[in-house]
Amino acid sequence: MPTIVFVNEGKAGVVADGTTVLQAALDLGVKISHVCGGNGTCSTCRVEVVVGGENLTAINPQEKAYEMGDGKRLGCQARVRGNCAVRALMIPRVDLY
Ligand code: FES
């Protein structure tokens, strides 16, 4: 079974193959937003993939709708298929001026 590491929180755990990154986070006690409850319709569960992106399932249409890719994934849609490390919730950069 694969291991997932949440880098910022310093937490890691072994999860069942196919577990979503969001569910892994919740199981490990990692604080991660999930406003829509994991339905792929809010994008608050975003994570940055640090290593092992090839060990997550392919980007799906919900993620494409939120322009995920290039190391960014929706935690509720990306499923763990092998060892990986992620950072939970990326706050979008906002240019104020
Ligand atoms: S929890 Fe809403 S998109 Fe993932």
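Relevant structure appears above.
Residues numbered from 1 in each chain as written. Predicted model: local features only at pLDDT ≥ 70, side-chain atom pairs only at ≥ 80, totals over all residues. Heavy atoms only, no water.

### Quick look at the environment of Leu 22
- Tracing the backbone shows Leu 22 in helix 1 (residues 21-28).
- Classification of Leu 22 by relative accessible area gives buried; the value is 6%.
- In this structure, the C-alpha to C-alpha distance between Leu 22 and Cys 84, residues 62 residues apart in sequence, is 13 Å.
- Not counting chain neighbours up to four residues away, the residues in contact with Leu 22 comprise Ile 32, Ser 33, His 34, Gly 38, Gly 75 and Cys 76. (Helix = DSSP H or I, 4+ residues; strand = E, 2+ residues; numbered from the N terminus. Buried < 20%, exposed > 50% of the residue type's maximum accessible area, 1.4 Å probe, protein only. Contact = heavy atoms within 4.5 Å.)

### Quick look at the sheet that holds strand 4 (residues 72-74)
- Pairing in this open sheet of five strands is mixed, and the strands run 2-1-5-3-4 from one edge to the other. Looking at which strands have only one partner, the edges of the open sheet turn out to be strand 2 (11-14) and strand 4. Across this sheet, the average inter-strand angle for adjacent strands is 30°, counted without regard to direction.
- Taken together, the three bridges between strand 1 (residues 3-6) and strand 5 (residues 84-88) define a ladder with parallel strand orientation. Note that in strand 5 the partner of Ile 4 across the bridge is Cys 84. (Pairing = 2+ DSSP bridges. Axes fitted to C-alpha atoms, helices over the stretch in contact; angles between N-to-C directions.)

### Considerations on helix 1
- Those residues of helix 1 that fall on the buried side of the exposure criterion are Val 21, Leu 22, Ala 24 and Ala 25. Buried residues in helix 1, looked at end-on, bunch into an arc of 165°, giving them a common side.
- Downstream of helix 1 by a residue or two, Gly 29 has a phi angle that is positive, lying close to 80°. (Arc of directions from axis to C-beta.)

### Let's talk about the pattern of salt bridges
- Scanning all chains against the criterion turns up three salt bridges.
- Arg 81 is paired through a salt bridge with Asp 17; the nearest N and O atoms lie 2.8 Å apart. Of the two residues, Arg 81 sits in the loop between strand 4 and strand 5 while Asp 17 sits in the loop between strand 2 and helix 1, which places them 64 residues apart along the sequence.
- Here Arg 87 and Glu 48 are joined by a salt bridge, their closest N and O atoms 3.4 Å apart. Of the two residues, Arg 87 sits in strand 5 while Glu 48 sits in strand 3 (residues 46-51), which places them 39 residues apart along the sequence. (Salt bridge = Lys/Arg side-chain N within 4 Å of Asp/Glu carboxyl O.)

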